[in-house]
Amino acid sequence: MTSAAVKLALAGVGKEFAIRGEQEKFTALADITVDVHAGEFLVLVGPSGSGKSTLLDLLGGLGKPTSGQILLDGAPVTGPGLDRGIVFQQYALLPWRTARANIEFGLEAKGIRRRERRGIAEHYLELVGLAGFGERYPHELSGGMKQRVAIARSLAFDPEVLLMDEPFAALDAQTRESLQDELLRIWQATGKTILFITHGIDEAVYLGQRVAVLTSRPGRIKAVVDIDLDRAGDLDVRSSERFRELRHHVWSLLHDEVARAQDLEQAALAADRRNSHV
């Protein structure tokens, strides 16, 4: 990835939150430093409570870092913008709009005319495998189909970066694997820069060109693992020896962090119990 330009740069990013009634602040993230190159698929994986979703909020401009900075094409990220598309775990579709109209929502904000909006929406419905479903409302779609609409909506306004926060976590295993394959196909077709957040090791290794492993709270980059899988071959990548090796490597990096996160959680619960008896 060294030859590609840096699309998204995180330099010393930290985030603290004030705790009501206490002087000491809660540190969610500390010194996150990583570059995402143009056209790269980077996955962030970490234990529960490592600040993954907090980091995505900062990348999306929904919050501001306490320290460090986030740069998109060399310019500081200072708030939300159409240059970043976000796909959440919950589909966040507007229930009163059809699938096509949900995809058109961001295009309306861009001031694109109705006929052009419809053409773009149809293109992305086809790209995500939902041609013919444009008139369906969210309640008429399965969970996997709703997430496809959410991905199409984010891609339709042509963002510089696609940010994805555990988008397949609520789906059953078979649908999740199918959408992982679809996402790789869409990424290859569009060349988009994708930053994908997950707590699933298999998902991280299967999707990412690189996997950045976060520590337990406060979240830091523990290691960045290059993923050198042959995704063009006929063999099912998930059953390959190399996949198992990479999965074990990432699991080894995460294992101690998960244990430490559980210890922190137990300590916090014990402190709450003590305080409740004071």
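I will try to describe carefully the structure that is included in this document. Quick caveat, the model's predicted, so the values are computed rather than measured.

### Some remarks on the pairing of strand β1 (residues 6–17)
1) Next: Alignment of β1 against strand β2 (residues 26–37), held across eight bridges, turns out to be antiparallel. When the bridges of β2 are listed, Val-6 appears paired with His-37.
2) Next: Summarising the sheet, β1 and strand β4 (residues 67–72) pair through five bridges and their orientation is antiparallel. Within β4, the position partnered with Ala-11 by the bridge is Gln-69.

### Quick word on the side chain of Glu-40
1) Next: Tracing the backbone through its elements, the reader meets Glu-40 in the loop between β2 and β3 (41–45).
2) Next: Note on Glu-40: relative accessible area 0%, which makes it buried.

### Some remarks on the nonpolar core
1) Next: With 54 residues, the main nonpolar core has Phe-41, Phe-196 and Val-250 as its most contacted residues.
2) Next: For this core, the element with the highest residue contribution is helix α4 (residues 143–156), accounting for seven residues.
3) Next: The residues touching Phe-196, leaving out its near neighbours within four places in the chain, are Phe-41, Leu-42, Val-43, Leu-44, Met-164, Pro-167, Phe-168, Leu-183, Glu-203 and Leu-207.
4) Next: Listed in part, the 24 residues of the second largest apolar core include Leu-29, Val-36, Leu-59 and Leu-195.

### Side note on a nonpolar patch on the surface
1) Next: Where nonpolar side chains cluster on the molecular surface, the patch consists of Phe-17, Ile-19 and Phe-26 and spans about 220 Å² of accessible area.
2) Next: Mapped onto the elements of the fold, Ile-19 is located in the loop between β1 and β2.

### Some remarks on the pattern of salt bridges
Charged atoms that come close allow side chains of opposite charge to pair.
1) Next: Taken as a whole, this structure holds 17 salt bridges when the rule is applied.
2) Next: Between Lys-7 and Glu-160 there is a salt bridge; the shortest N-O distance is 2.6 Å. One end of the pair, Lys-7, is in strand β1; the other, Glu-160, is in the loop between α4 and β7 (161–165), with 153 residues separating them in the sequence.
3) Next: Look at Lys-7 and you get buried, because its relative accessible area is 12%.
4) Next: Residue classification places Glu-160 among the partly exposed positions, given a relative accessible area of 34%.
5) Next: The shortest N-O distance in the salt bridge between Glu-122 and Arg-100 comes to 2.6 Å. Placement of Glu-122 in helix α3 (residues 114–127) and of Arg-100 in helix α2 (residues 99–109) is noted, with a sequence separation of 22 residues between them.
6) Next: Here the salt bridges do not stand alone but share partners, grouping Lys-7, Asp-73 and Glu-160 into one network.

### Structural notes on the sheet that holds β3
1) Next: Strand order in the open sheet formed by six strands is β6-β7-β8-β3-β9-β10, and the pairing between neighbours is mixed. In this open sheet, the two strands that pair with only one neighbour each are β6 (84–87) and β10 (221–226). Sheet twist, expressed as the mean angle between neighbouring strand axes with direction ignored, is 15 degrees.
2) Next: One ladder, built from five bridges, connects β3 with strand β8 (residues 193–198); its direction is parallel. Paired with Val-43 across the strands is Phe-196, a residue of β8.
3) Next: Each of β3, β6, β7, β8 and β9 (210–214) touches helix α1 (residues 52–59); the most contacted strand, β7, lies at about 155 degrees to it.

### Section: the packing of α2 against α3
1) Next: Between α2 and α3, the least distance of the axes is 9 Å, while the angle of their chain directions is 125 degrees. By the angle class used here, α2 and α3 are oblique. In terms of crossing hand, the pair formed by α2 and α3 is right-handed. Where α2 approaches α3, its residues Ala-99, Arg-100, Ile-103, Glu-104, Leu-107 and Glu-108 are matched on the opposing element by Arg-117, Arg-118, Ile-120, Ala-121, Glu-122 and Leu-125.
2) Next: Here the residues of the contact of α2 with α3 sort into six nonpolar, no polar and six charged.

Reading the values: rules and limits
- Residues numbered from 1 in each chain as written.
- Predicted model: local features only at pLDDT ≥ 70, side-chain atom pairs only at ≥ 80, totals over all residues.
- Heavy atoms only, no water.
- Pairing = 2+ DSSP bridges.
- Helix = DSSP H or I, 4+ residues; strand = E, 2+ residues; numbered from the N terminus.
- Buried < 20%, exposed > 50% of the residue type's maximum accessible area, 1.4 Å probe, protein only.
- Core = buried A, V, L, I, M, F, W, Y, C linked by side-chain atoms within 4.5 Å.
- Contact = heavy atoms within 4.5 Å.
- Patch = residues over 30% accessible without salt bridge, like charges linked within 9 Å, V, L, I, M, F, W, Y side chains within 5 Å.
- Areas by Shrake-Rupley, 256 points an atom, 1.4 Å probe, with all protein chains shown as cover.
- Salt bridge = Lys/Arg side-chain N within 4 Å of Asp/Glu carboxyl O.
- Axes fitted to C-alpha atoms, helices over the stretch in contact; angles between N-to-C directions.
- Parallel < 35°, antiparallel > 145°, perpendicular 65-115°, else oblique.
- Left-handed = near helix turned anticlockwise from the far one by under 90°.
- Nonpolar A, V, L, I, M, F, W, Y, C, P; charged D, E, K, R; others polar.

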